[in-house]
Amino acid sequence: MNPSRSTRWRRLGATVAAAAAIALTVAGCSGGGGSSGSGTALTIANVGGATWTCGFNPFNPAVFQQAIGFVYEPLIYQNTLKNSAPTPMLATKSEWSSDFKTLTFTIRKGVKWSDGKPFSADDVAFTFNLLKKNKGLDLQAIWSSGLQSVETSGSDQVVMKFASPAEPYFYYIADQTPIVPKHIWTTGKAASNPVNFANQKPIGTGPYTMTNCTPQNIQYQANPDFWKGAPAVKTVNYPSYTDNSPANQDLATGKAQWGGQFIPSIDKYYVARDKAHNHYWQPPVANVSLAFNLKHPVSGNLAVRQAIAYAVNRDNVSKVGEDGQQPAGNQSGIVLPTFQSWLDKDLASQHDYTTNLDKAKQLLSSAGYSSSNPLKLSVLTVSGYTDWDASLQEIKQQLAKVDIDLTVQDVAGQTYDSRIYKGDFDLAYIAETGGPAPYYELRQMLYSGNTAPLGQNASTNYMRFSDPAVDALFEQYAGAGEDEQHQIVDKLQEVMLTQVPVIPITESVNWFQYNTKSFSGWPTEQDQYALPSPYSIPDVEQVLLHLKPVK
């Protein structure tokens with residue numbers, strides 16, 4: 001949505017009690033994809049909570065993590081973990097004007113779409129103008145951020161003009177927007193209804209083509225005409241898992257080589273199974289949060305939101321729900337230690353949300369609730385995400401201490417997506433994706449350009465938060481210097497602390513498990529060349545291009 005990227009695939013839970021007894025058969029693969037066989041086939045284990053729909057619309061947040069990075073590519077890759085030079089992809093270079101109001105991309109020559117048609121600057125301009133014509137495709141709210149025009153110039157340049165300085169939007173434009181072929185998206189269903197276009201036979205420029213899809217498995221094959229040369233990993237299997245037990249079993253036994261989920265007691269259950277080859281690295285990047293529907297008459301009440309913030313013990317949720325692998329979050333929304341320099345410690349101390357049950361009860365009393373008139377709410381989550389279930393059960397018990405009756409609603413992945421996009425919930429457990437600074441996740445949560453009226457799809461900001469003064473802060477950030485940007489983020493932290501539109505519960509790590517028996521070249525803490533999880537887009541492409549079969 002993050003965004004942004006989709007939230008659903010990145011927050012995964014697991015239970016291992018019955019793992020050994022569960023088997024998953026997948027399109028020619030046993031146990032969720034089978035072993036690597038010849039050494040050129042890779043299997044991903046990443047629980048989505050649903051089977052595949054076999055749609056690959058790169059602008060549909062329910063499915064785009066199976067499209068971007070495999071089939072579709074951005075203009076330039078920007079590593080959000082590391083302050084390194086951007087990696088040219090479909091654009092060989094970019095240049096801002098001195099006032100940061102004009103951005104010019106030089107488009108790579110000699111690239112072909114996977115159907116053999118030539119790729120050009122015209123495809124790039126078409127893609128961005130497609131988002132302008134169809135707001136439902138503009139997941140980054142690019143056109144709501146002052147973008148005025150996108151046009152080709154000469155044979156290989158695309159020029160973007162903004163109404164005001166727009167340097168921070170480079171990440172959304174260059175890294176987070178997949179480029180689609182004009183000749184496909186101007187015909188048939190793609191042209192008549194691009195927002196709902198299923199795109200079951202995707203045509204892209206990426207390193208892989210989608211060769212077979214069933215509800216149980218997606219198979220990708222190396223694109224022989226890929227502009228960088230066919231990748232060394234020739235086949236990628238992406239089984240669907242509706243529960244973490246079989247996925248964790250496949251990872252632990254080496255049947256799957258790349259994981260992106262929570263594994264409880266990971267050292268004992270996963271690493272100890274094969275100490276030579278089973279590894280993990282899980283950097284914190286964003287937040288897992290309790291989101292309020294601000295249009296709801298109850299959760300729209302500030303006193304209720306503040307009461308819940310004081311009632312929740314985030315440290316205990318971290319320990320019980322996430323095995324301590326995800327640190328407790330903080331109400332300012334600043335992920336620590338990743339963005340330590342951005343935290344306004346004085347402001348956080350002034351608005352101290354240390355667990356305080358007495359204060360929570362006082363706030364609830366002011367809103368008309370008590371033990372004789374308890375507050376009843378429901379929270380939406382995804383069936384099969386057992387760490388989330390454990391976290392929410394802990395939250396439910398904590399809230400019961402202040403006479404809040406919380407019902408946990410476990411629903412299938414697609415149902416969850418539809419309901420949070422449309423605002424059909426009291427509370428929802430969510431995870432945004434963030435970016436290279438706190439600004440990006442805060443923008444996903446608080447910028448009104450990322451939301452929509454109830455019943456319509458929001459790309460992020462499912463809470464429906466809207467404040468013109470806050471929007472102005474985001475717009476001001478784009479033209480600000482470094483010191484002023486920090487001051488703006490301080491003001492955004494104040495919004496999080498005083499208005500409590502969402503409660504960051506734990507810090508969302510980039511879940512990542514990898515097996516080195518058959519493949520080398522994985523990202524590590526020492527070599528942070530990309531976000532490492534298989535659900536991170538477009539980073540998944542960078543990882544796949546680095547991998548080599550072990551001979």
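We now turn to the structure provided with this report.

1. What to know about the pattern of salt bridges
Considering all chains together, one arrives at 3 salt bridges under this definition. Notably, a salt bridge pairs Asp 122 with Lys 182, separated by 3.0 Å at the nearest N-O pair. Here Lys 182 lies in helix H3 (residues 182-185) and Asp 122 lies in helix H1 (residues 121-133), a separation of 60 residues in the sequence. By relative accessible area, Asp 122 is classed as partly exposed at 36%. With a shortest N-O distance of 3.9 Å, Lys 396 and Asp 405 are connected by a salt bridge. The exposure class of Lys 396 is partly exposed, given its relative accessible area of 28%.

2. Observations concerning the sheet that holds strand S16 (residues 375-382)
Across a sheet, paired strands are connected by hydrogen bonds in the backbone, their directions being either parallel or antiparallel. One open sheet accounts for 5 strands, arranged S17-S16-S18-S15-S19; its pairing is mixed. In this open sheet, the two strands that pair with only one neighbour each are strand S17 (404-411) and strand S19 (502-509). Strand-to-strand, the axes of this sheet are offset by a mean angle of 25°, without reference to chain direction. Where strand S15 (residues 284-292) and strand S18 (residues 427-431) come together, 5 bridges link them in antiparallel fashion. Along S18, the bridge assignment pairs Phe 292 with Leu 427. Sheet strands in contact with helix H12 (residues 413-422) are S16, S17 and S18, and its direction is about 125° off that of S16.

3. Some remarks on the sheet that holds strand S11 (residues 217-222)
Overall, mixed pairing links the 7 strands, which are arranged S10-S11-S12-S3-S13-S20-S14 in an open sheet. Each of the sheet's edge strands pairs with one partner strand only, and the pair in question is strand S10 (208-213) and strand S14 (278-280). Relative to strand S13 (residues 258-259), strand S3 (residues 41-45) is paired through 2 bridges, and the arrangement is parallel. The residue bridging Ala 45 from the neighbouring strand is Gly 259, located in S13.

4. What to know about the layout of surface pockets
There is about 880 Å³ of room inside the largest pocket. In this structure, the largest pocket is lined by 32 residues; those nearest its centre are Gln 78, Asn 83, Pro 436, Ala 437 and Tyr 440. Within the residue set of the lining of the largest pocket, elements represented by two or more residues are helix H2 (170-175) and helix H15 (482-499). No other element matches H15, which puts 3 residues into the lining of the largest pocket.

5. What about the state of the cysteines?
Per the stated rule, a full pass over the model turns up 1 disulfide. Cys 54 shares a disulfide with Cys 213; S-S distance 2.0 Å. The S-S bond linking Cys 54 to Cys 213 shows a torsion near -90°; that makes this disulfide left-handed. Pair noted here: Cys 54 is in the loop between S3 and strand S4 (76-77) and Cys 213 is in strand S10, with a separation of 159 residues, a long-range link.

6. Some details on the packing of helix H8 (residues 314-322) against helix H11 (residues 386-400)
Interhelical geometry of H8 versus H11 gives an angle of 140° and a closest axis separation of 8 Å. Compared by their axis directions, H8 and H11 come out oblique. Pair H8 / H11 crosses with right-handed handedness. From H8, Asn 316, Val 317, Val 320, Gly 321 and Glu 322 reach across to H11, where they touch Asp 387, Trp 388, Ala 390, Ser 391, Glu 394, Ile 395 and Gln 398. Here the contact of H8 with H11 is built from residues that sort into 5 nonpolar, 4 polar and 3 charged.

Rules of the game
Residues numbered from 1 in each chain as written. Predicted model: local features only at pLDDT ≥ 70, side-chain atom pairs only at ≥ 80, totals over all residues. Heavy atoms only, no water. Salt bridge = Lys/Arg side-chain N within 4 Å of Asp/Glu carboxyl O. Helix = DSSP H or I, 4+ residues; strand = E, 2+ residues; numbered from the N terminus. Buried < 20%, exposed > 50% of the residue type's maximum accessible area, 1.4 Å probe, protein only. Pairing = 2+ DSSP bridges. Axes fitted to C-alpha atoms, helices over the stretch in contact; angles between N-to-C directions. Contact = heavy atoms within 4.5 Å. 1 Å grid on protein atoms, 1.4 Å probe; cavity = no way out; pocket = protein on both sides within 12 Å on 5 of 7 lines; lining within 4 Å. Points joined across faces, edges and corners; volume = space filled by probe spheres on them. Disulfide = S-S within 2.5 Å. Parallel < 35°, antiparallel > 145°, perpendicular 65-115°, else oblique. Left-handed = near helix turned anticlockwise from the far one by under 90°. Nonpolar A, V, L, I, M, F, W, Y, C, P; charged D, E, K, R; others polar.

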